[in-house]
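# Fold and contact review
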Amino acid sequence: MQDQKFSSVKLAPPGARLGFWTELILRWFVNPVITKKISWEQCEQNFFKSHQKIIQVLESIPADKVDIRILVPPQKGLEDSSRYWSAKMLVEHLLIVGTQVQSAIIRLSREEILKELVDTAAVKPSGNASYQVLFEKLKQFASEVPSDLNRNVHAKESKSKLVHPWFGPFNSKQWYWLLGTHASIHLKQLEEIKKGLTLSTQ
């Protein structure tokens, strides 16, 4: 069913971005206005809530269905190329992005100059890893990141910044905001994946 549905849909390639007007809003409103108002504590709460909800949804998906790819509807903040994933692929992606951002937050907070290029096409999942291993790593990541950041971050509002391709230059706190926001976007995707799995069994 999903393969037939997917075969009739042409998705954009990885890294194709979100569109000019969407990214204009992200760069010139979300970056300088929304992310500047939020506190470090709110970033921590958003991170915790979004990841705990993701874990709860994952626990409700049968183990024999985590590899089934579901084509989800277009949604805000989700690249077109990421719409045809399985639950396992989503978890792998969260870990790839999450560990990289966690490291960047700490390095920025120490006022390091980060010259690496942030490329959304480079953080897509392979789909080959063990789901059980990935899930255990995600639970560990979700429980340890807040305390790890609070322990190792120096400047929460770093002068040093790392450029995100959609949002523009982000400091340490802004990347922490994005860490929770990113998870919230994929939470919505995961809920659509679960819905698709339910429909496919009827």
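Nothing here was measured: the structure is a model prediction, and the numbers come from that model.

How each quantity is defined
Residues numbered from 1 in each chain as written. Predicted model: local features only at pLDDT ≥ 70, side-chain atom pairs only at ≥ 80, totals over all residues. Heavy atoms only, no water. Helix = DSSP H or I, 4+ residues; strand = E, 2+ residues; numbered from the N terminus. Rg over C-alpha atoms; globule rule 2.2 N^0.38 Å. Contact = heavy atoms within 4.5 Å. Salt bridge = Lys/Arg side-chain N within 4 Å of Asp/Glu carboxyl O. Buried < 20%, exposed > 50% of the residue type's maximum accessible area, 1.4 Å probe, protein only. 1 Å grid on protein atoms, 1.4 Å probe; cavity = no way out; pocket = protein on both sides within 12 Å on 5 of 7 lines; lining within 4 Å. Points joined across faces, edges and corners; volume = space filled by probe spheres on them. Nonpolar A, V, L, I, M, F, W, Y, C, P; charged D, E, K, R; others polar. Core = buried A, V, L, I, M, F, W, Y, C linked by side-chain atoms within 4.5 Å. Axes fitted to C-alpha atoms, helices over the stretch in contact; angles between N-to-C directions. Parallel < 35°, antiparallel > 145°, perpendicular 65-115°, else oblique. Left-handed = near helix turned anticlockwise from the far one by under 90°.

## Remarks on the overall build of the chain
Helix and strand content of the chain: six helices and four strands. Sequence-ordered secondary structure for the chain, helices as α and strands as β, is α-α-α-β-β-α-α-β-β-α. Relative to a compact globule of 202 residues, whose C-alpha radius of gyration would be 17 Å, the chain shows 17 Å and is just as compact. Over its C-alpha atoms, taken along the principal directions, the chain stretches across nearly 50 × 35 × 25 Å. Within the chain, contacts between residues at least 6 apart in sequence are counted, and of these 82% link residues at least 24 apart.

## A word on the pattern of salt bridges
A side chain of one charge can pair with a side chain of the opposite charge when the charged atoms of the two come close. Scanning the model with the defined rule gives nine salt bridges in all. The salt bridge partner of Lys 88 is Asp 67, with a shortest N-O separation of 2.9 Å. Highlighted residues: Lys 88 in helix α4 (residues 87–109) and Asp 67 in the loop between α3 (40–59) and β1 (70–71), separated in sequence by 21 residues. For Lys 88, a relative accessible area of 8% corresponds to the buried category. The class for Asp 67 is partly exposed, based on a relative accessible area of 47%. For Glu 157, the salt bridge is made with Lys 173, and the minimal N-O distance between the two is 2.9 Å.

## As for the layout of surface pockets
What the largest pocket holds in volume is close to 790 Å³. Every residue lining the largest pocket is counted, 39 residues in all, and those nearest its centre are Val 97, Thr 120, His 164, Leu 178 and His 182. Within the residue set of the lining of the largest pocket, elements represented by two or more residues are α2 (20–37), α4, β3 (162–164) and α6 (172–200). For the lining of the largest pocket, the element with the highest residue contribution is α6, accounting for eight residues. Here the residues of the lining of the largest pocket are counted per class, giving 21 nonpolar, 12 polar and six charged.

## Notes on the side chain of His 93
Tracing the backbone through its elements, the reader meets His 93 in helix α4. By relative accessible area, His 93 is classed as buried at 5%. Residue contacts for His 93: discarding those within four places in its chain leaves Trp 85, Val 123, Pro 125, His 182 and His 186.

## Here we look at the nonpolar core
Leu 58, Ile 105 and Leu 138 are the most contacted members of the largest nonpolar core, which has 54 residues in total. Elements that contribute at least two residues to this core include exactly α2, α3, α4, α5 (131–152) and α6. A per-element tally of this core places α4 first, with 12 residues. Discounting chain neighbours no more than four positions away, the residues touching Leu 138 are His 51, Ile 54, Ile 55, Leu 58, Val 91, Leu 94 and Leu 95.

## Looking at the packing of α4 against α5
The description of two packed helices rests on the angle between their axes and on the distance between the axes. Running from amino to carboxyl end, α4 crosses α5 at an angle of 20 degrees, the nearest separation of the two axes being 10 Å. As summarised for this structure, α4 and α5 are arranged roughly parallel, according to the angle between their axes. The crossing of α4 and α5 is left-handed. Listed contacts from α5 to Lys 88, Val 91, Glu 92, Leu 94, Leu 95, Gly 98, Thr 99, Gln 102, Ile 105, Ile 106 and Ser 109 of α4 are Tyr 131, Leu 134, Phe 135, Lys 137, Leu 138, Phe 141, Val 145, Asp 148, Leu 149 and Asn 152. When grouped by side-chain class, the residues that make up the contact of α4 with α5 number 12 nonpolar, five polar and four charged.

## Quick look at the packing of α3 against α5
Across the interface, α3 lies against α5 with an axial gap of 10 Å and an inter-helix angle of 165 degrees. With respect to their mutual orientation, α3 and α5 come out roughly antiparallel. Handedness of the crossing formed by α3 with α5: left-handed. Residue-level inspection shows Trp 40, Glu 44, Phe 47, His 51, Gln 52, Ile 54, Ile 55, Leu 58 and Glu 59 of α3 in contact with α5, the latter providing Tyr 131, Phe 135, Leu 138, Lys 139, Phe 141, Ala 142, Val 145, Pro 146, Leu 149 and Asn 150. Here the residues of the contact of α3 with α5 are counted per class, giving 13 nonpolar, three polar and three charged.

## Describing the environment of Arg 107
Looking at the element boundaries, Arg 107 is found in helix α4. Arg 107 gets classed as partly exposed once you look at its relative accessible area, which sits at 26%. Counting along the chain gives 46 residues from Arg 107 to Val 153, while the straight-line C-alpha distance between them is 8.1 Å. Excluding residues within four positions of it along the chain, Arg 107 makes contact with Glu 112, Leu 114 and Glu 116.

None of the figures reported here should be taken as evidence of function without further support.
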